[in-house]
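Observations on the model geometry
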Amino acid sequence: MRLGMIGYGTVGQGVADLLVKHREVYRARCGQTLDLAAVLVRSVGRTREVEPPEGCVVTDDPERFFGAGSSGGGSGASGRGSGGAGFDVLVEVAGGVETVRGHVERALGDGRHVVTANKSLVSAHGARLLALARDRGVELRFEAAVAGGIPVVGALMHGLMGNAFERIEGVVNGTCNFLLTTMEKTGRSYEEVLREAQRLGYAEADPTMDVSGRDSAEKISILGSLAFGDWMTGDEVETGGIEGVTVGDLRAAVARGRRLRLVARVARAEDGGVRAEVGPRELREDHPLARLDGSANAVTIIGDAVGEVTLSGAGAGRYPTASAVVSDVVAIARG
Ligand SMILES: NC(=O)c1ccc[n+]([C@@H]2O[C@H](COP(=O)([O-])OP(=O)(O)OC[C@H]3O[C@@H](n4cnc5c(N)ncnc54)[C@H](OP(=O)(O)O)[C@@H]3O)[C@@H](O)[C@H]2O)c1
């Protein structure tokens, strides 16, 4: 099976590396090889830690990427491959919404499967993209879009499908959990710990998406949509962030035997609707979400038959996220 990948940054290079390193493992699992045929980036000349595999077309030209461009190493293409690409699965690990939405719709419209790690895209346009995939008889998978390497989308869509869901709650933003747990332990201020997190690469230069709660809102909207049926977007989630949380707030919670964490929740409301919210919430100190340290993520799913199930692990990072992306690809290749 041939793959075309948009994006060759943190996650994309992890995907490329796994495809080479575990080539035989994946062949045994799905009965065919998984070959990275083409990569679309913004800047072809950039040095990458992980080299694209031999023969892979690397280009900044979407037409060439989609296999409709000219053959040969024309402008905008690296010399590693030649000719139009041609691929069966589009892997989208670029980010952003509008540009990649066009690419994803094009791939689905062409009858290609799509795997994406993009929570903003799926949260905003998941309903339409899933409908398009259904119409074309192909798959749209997005395990990596929520909680990185933790297989929570798969749990909801497969392993727990026999349940009526009551509630889902999660700590799904590692940056915020790092900030809150570090402030709580060290007594250092939000601003000081944020600067450290930026230095260590745990927080973006512009941390707004994370600390405002928006990132968590998009993720919980995806889980809520899958669990409760009607698609909801991140805009429909009542959202608060952690910018105003102080060391005093965190330590007062500890004194009460509780922990203050950024919690994302979605539940069936009494009026039959679905309500989703994100904000700093106090949890019992023995709650599975309260015990998470640093940048880890966890999601608790409450189903009527199974009871409470909590999944935890690495919610971001090159290889945890690539693990989720490649697992989706392998699932598609297995049929
Ligand atoms: N990093 C994580 O831990 C993590 C976890 C879960 C989900 N995700 C999601 O995975 C996606 C990728 O994240 P990342 O951390 O790998 O990002 P990144 O390191 O910034 O890499 C983004 C890549 O996409 C390329 N790109 C961006 N816009 C493009 C466009 N319009 N056309 C073609 N190529 C484009 C960039 O090209 P250049 O290299 O040429 O600039 C770069 O190679 C995002 O949706 C993110 O939310 C990431």
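Everything below is about the structure shown above.
Analysis parameters
- Residues numbered from 1 in each chain as written.
- Predicted model: local features only at pLDDT ≥ 70, side-chain atom pairs only at ≥ 80, totals over all residues.
- Heavy atoms only, no water.
- Pairing = 2+ DSSP bridges.
- Helix = DSSP H or I, 4+ residues; strand = E, 2+ residues; numbered from the N terminus.
- Contact = heavy atoms within 4.5 Å.
- Axes fitted to C-alpha atoms, helices over the stretch in contact; angles between N-to-C directions.
- Phe/Tyr/Trp six-rings, centres within 6.5 Å; stacked < 30°, edge-to-face > 60°.
- Buried < 20%, exposed > 50% of the residue type's maximum accessible area, 1.4 Å probe, protein only.
- Near = heavy atom within 4 Å.
- Areas by Shrake-Rupley, 256 points an atom, 1.4 Å probe, with all protein chains shown as cover.
- Nonpolar A, V, L, I, M, F, W, Y, C, P; charged D, E, K, R; others polar.
- Core = buried A, V, L, I, M, F, W, Y, C linked by side-chain atoms within 4.5 Å.
- Domains from an automatic or database assignment.
- Polar contact = N/O pair within 3.5 Å; in protein donor to acceptor, adjacent residues only side chain to side chain.
- Expected span 1.5 Å × (residues − 1).

Below, the discussion takes up the sheet that holds strand 12 (residues 307-314). Hydrogen bonding along the main chain pairs the strands of a sheet, whether they run parallel or antiparallel. Taken in spatial order, the six strands line up as 8-10-9-7-11-12 in an open sheet, and their pairing is mixed. Bordering the open sheet on either side are strand 8 (238-239) and strand 12, each of which pairs with just one other strand. Two elements, strand 8 and strand 10 (residues 274-284), share two bridges in a ladder whose sense is parallel. Considered in strand 10, the bridge of T239 is made with V278. With respect to the sheet, helix 6 (residues 152-159) is in contact with strand 7 (165-171), strand 11 (296-303) and strand 12, its orientation differing from that of strand 11 by roughly 15°. Against the sheet, helix 11 (residues 247-255) touches strand 9 (258-268) and strand 10, its axis set at about 85° to strand 9.

Given two aromatic rings, their pairing is described by the distance between the two centres and the angle made by the two planes. Summed over the entire model, instances satisfying the criterion amount to four aromatic pairs. Judged by centre distance (5.3 Å) and plane angle (85°), the ring pair of F65 and F66 falls under edge-to-face. The same class applies to F65 as to F66, namely buried. Ring plane angle 40° and centroid distance 4.9 Å describe the contact between F65 and F87, whose orientation is recorded as tilted.

Looking now at the site of the ligand. Around the ligand, the surrounding shell holds 23 residues, and the nearest of these are Y8, S43, R46, R48 and G317. Against a free-state accessible area of 900 Å², the protein chains account for coverage of 79% of the ligand. Across the shell around the ligand, the residue classes tally to 10 nonpolar, nine polar and four charged.

Right, let's talk about the nonpolar core for a bit. I168, L179, I220, L223, I242 and I301 are the most contacted members of the largest nonpolar core, which totals 65 residues. With seven residues, helix 10 (residues 214-228) is the single largest residue contributor to this core. In terms of domain composition, this core takes at least three residues from each of domain 1 (2-149 + 318-334) and domain 2 (156-313). Contact partners of L179, with chain neighbours within four places excluded, come to Y190, V193, L194, A197, V211 and I242. Core analysis: the second largest hydrophobic core is formed by 32 residues, L3, M5, V91 and V115 among them.

By the secondary structure assignment, N118 is in the loop between strand 5 (113-116) and helix 5 (119-136). On the basis of relative accessible area, N118 is assigned to the buried category, the value being 5%. One polar contact links the side chain of N118 to the main-chain amide nitrogen of S120, over a distance of 3.2 Å. Not counting residues within four places of it along the chain, the set of residues in contact with N118 comprises E92, G95, G96, V100 and A145.

Once that is clear, we can look at helix 12 (residues 318-334). The end-to-end C-alpha separation of helix 12 is 24 Å, in line with the 24 Å expected for 17 residues at 1.5 Å each. Of all the residues in helix 12, the buried ones are R318, T321, A322, A324, V325, V326, D328, V329, V330, I332 and A333. Turning to helix 12, the residues buried within the fold contact strand 1 (2-6), helix 1 (10-21), helix 2 (23-30), strand 4 (89-92), strand 5 and strand 6 (140-141). G335 occupies a position one or two residues after helix 12 and carries a positive phi of about 80°.

Of note in this structure, A147 is not a glycine but carries a positive phi near 60°. Structurally, the position occupied by A147 is in the loop between strand 6 and helix 6. On the basis of relative accessible area, A147 is assigned to the buried category, the value being 0%.

Quick look at the sheet that holds strand 3 (residues 57-59) now. The sheet built from six strands is open, its strands ordered 3-2-1-4-5-6 with parallel pairing. Of all the strands in the sheet, just strand 3 and strand 6 have a single pairing partner and so form its edges. Where strand 4 meets strand 5, four bridges bridge the pair, whose relative direction is parallel. Opposite E92, over in strand 5, you have T116 as the bridge partner.

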